[in-house]
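Coordinates in review
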Amino acid sequence: MTTTAPAPADRTATPAGSTAKVDLGTITVVPTRHWWRWILSALLLFVVAQFAWSLVTNDRYMWDTFAQYFFSEPVLIGIGYTLSLTAISAVVGFALGTVLALGRLSASPLLNAVAWGYIWFFRSVPLVVQIIVWYNLGYLYPTLGLGTPFTTDFWIVEFPTVQLVSAFAAAILGLGLHQAAYSAEIIRGGLVSVDPGQHEAAAALGIPASRRLFRIILPQAMRSIVPNATNEVIGLVKGASVVFVIAIPELFYAVQVIYNRNSRVIPLLLVAVIWYTLITTILSVAQYYIERYYARGSARALPPTPVQRTRRWVAAQWARLGDDDAPPGPKRRTDAARPAPEKGIPA
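Residues numbered from 1 in each chain as written. Predicted model: local features only at pLDDT ≥ 70, side-chain atom pairs only at ≥ 80, totals over all residues. Heavy atoms only, no water.

On the secondary structure map, Leu191 appears in helix 8 (residues 167-192). Owing to a relative accessible area of 7%, Leu191 belongs among the buried residues under this scheme. Taking the C-alpha atoms as reference, Leu191 lies 8.4 Å from Met222; in sequence the two are 31 residues apart. Residues in contact with Leu191, not counting those within four places in the same chain, are Leu102, Leu105, His199, Leu213, Ile217, Leu218 and Ala221. (Helix = DSSP H or I, 4+ residues; strand = E, 2+ residues; numbered from the N terminus. Buried < 20%, exposed > 50% of the residue type's maximum accessible area, 1.4 Å probe, protein only. Contact = heavy atoms within 4.5 Å.)

Right, dumping it as C-alpha cells:
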C-alpha cells in the first residue's frame, strides 16, 4: 500500500492571525449613482424652464402695463404706508409683548392671569375684526379723556374719539395689539429656552435682576427669538394689507384702485407680488445677519457669509490665473523645504 506525501506548505502564504496588505491603488472606486435624484432634478428643471418660457411668451401677463405702474406714484405711496404700518406695529407689538412675556413668567398670580387673558383674547379675535372695532370705537365711546373716575365728567382733558382714533391710528392699534399677543409667546419661549443655570449663576454673583435679564438672559434667548420674530414681522408686512377695509391706501389697496379703473388685474397684482417679494427678501437678509450676530457666543468660528464666500472664490480664481501666467523659473524655497537649523544656532 502506497501513501502520498503531503505537499509542502506554501512559504508565501500569509501566517495565521496576520492581515494581508492590499494595494488600494488597484481597487476601482465606483461612485454611488442616485438615479432618482437626477430624474427629479431634471423634472424640476423642466417645470421651471416651462414656467419661465410662459412668462416670456404669454401676452396676457401684460409686462408693459406692469412696467408702467411698478414705480407709479400711488404704488410708491402705498409702499410707504405698508412700511410705516409694519414698522410702528412691530415696535408696539414687541415692546408690549416683552412686558406680557415677563408677566407670564412672573411669580405674581395677578400679573400672570392678566397677561394670559390678554394673549388668549387677542389671539382669539380675527385681526380684521379688531381693526374694524377700533375704527368704530367712537360709536361706543364718543369722547375720551381724564376726569373723575367711574363717571363721564372729563374735567381735566377731553377729546372726540373720532378725531383721536383716526383710520391710521385704528390700523396701528389693531396690528400692534394683535401682534403683541403672538410676540409675547415668542419672547417667553426664548427666555424659557435659556439654561436655568445661567439665572442661578447670575443671581449668585449678585447681579441685579434687570441687568441679568438684558445683559445675560435676553442675548442668549435672542438665538431662538430672532427667527420666529422675523416670521412675525414678515407676516405683518403682508397682514397690513387687511387695512384696506378702512380705506387706508397701502400697497394692496392702491393696486386694487388702479385695476378697478383699467381692468388690468393680473399685471397690477404682479406689481404687488414683486414689491412684497422684495420687502420680504430684504427682511430675510437682515434676519441672516442678526442671527449671525447673536451666534457669536455659541460658535467658535462663524461660517463665512455669502459675500465672503464670493470674495474668497474670486481671490482663488485670480491667484490660480496668476500662477498659470507666471513664467517658469526657480521655485521659491518654502519653510517646509528649508533645512533645519543646527543645535545651538538660531534659525
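Moving on from the model shown.
Attention now goes to the packing of aromatic side chains. For the structure shown, the criterion picks out 13 aromatic pairs. With centroids separated by 4.8 Å and ring planes inclined at 90 degrees, the aromatic side chains of Phe70 and Phe71 adopt a geometry described as edge-to-face. A relative accessible area of 11% places Phe70 in the buried class. Where Phe71 meets Trp275, the ring centres are 5.9 Å apart and the plane angle is 90 degrees; that geometry is what we call edge-to-face. Of the two residues, Phe71 sits in the loop between helix 2 (63-70) and helix 3 (73-104) while Trp275 sits in helix 12 (residues 265-294), which places them 204 residues apart along the sequence. You can call Phe71 exposed: its relative accessible area is 59%. Judged by its relative accessible area of 14%, Trp275 is buried. Taken together, the aromatic side chains of Tyr61, Trp63, Phe66, Phe70, Phe71 and Trp275 make up a single cluster linked through ring pairs. (Phe/Tyr/Trp six-rings, centres within 6.5 Å; stacked < 30°, edge-to-face > 60°.)

We now examine helix 4 (residues 109-124). The terminal C-alpha atoms of helix 4 lie 22 Å apart, and with 16 residues this matches the ideal 22 Å at 1.5 Å per residue to within 8%. Residues Ala115, Tyr118, Ile119 and Phe122 constitute the buried set of helix 4. All buried residues of helix 4 fall inside an arc of 95 degrees around its axis, so they share one side. Counted as exposed and oriented over 90 degrees from the buried face of helix 4: Pro109 and Leu110. Along its buried surface, helix 4 packs onto helix 3, helix 5 (127-135) and helix 8. (Expected span 1.5 Å × (residues − 1). Arc of directions from axis to C-beta.)

The next point concerns the pattern of salt bridges. Tallying each qualifying case throughout the model produces two salt bridges. The partner of Arg104 in a salt bridge is Glu185, and the shortest N-O contact between them spans 3.8 Å. Here Arg104, found in helix 3, pairs with Glu185, found in helix 8; they are 81 residues apart in sequence, far enough to count as distant. In this structure, a network of salt bridges that share partners links the residues Arg104, Glu185 and Arg188. (Salt bridge = Lys/Arg side-chain N within 4 Å of Asp/Glu carboxyl O.)

Time to look at the side chain of Thr161. One can find Thr161 in helix 7 (residues 161-164). Apart from the residues lying within four places of it in its own chain, the contact partners of Thr161 are Leu137, Gly138, Tyr141, Pro142, Thr143 and Leu144.

Turning our attention to the nonpolar core. Among the nonpolar cores identified, the biggest contains 29 residues, and Leu85, Leu175, Ile225, Val243 and Ile246 are the most heavily contacted of them. Looking at this core, the elements that each hand over two or more residues are helix 3, helix 5, helix 8 and helix 10 (209-239). The biggest single contributor to this core is helix 10, with nine residues. Not counting residues within four places of it along the chain, the set of residues in contact with Ile225 comprises Ile186, Ile187, Gly190 and Leu218. Core analysis: the next-biggest nonpolar cluster, separate from the first, contains 18 residues, Phe70, Leu251, Trp275 and Ile279 among them. (Core = buried A, V, L, I, M, F, W, Y, C linked by side-chain atoms within 4.5 Å.)

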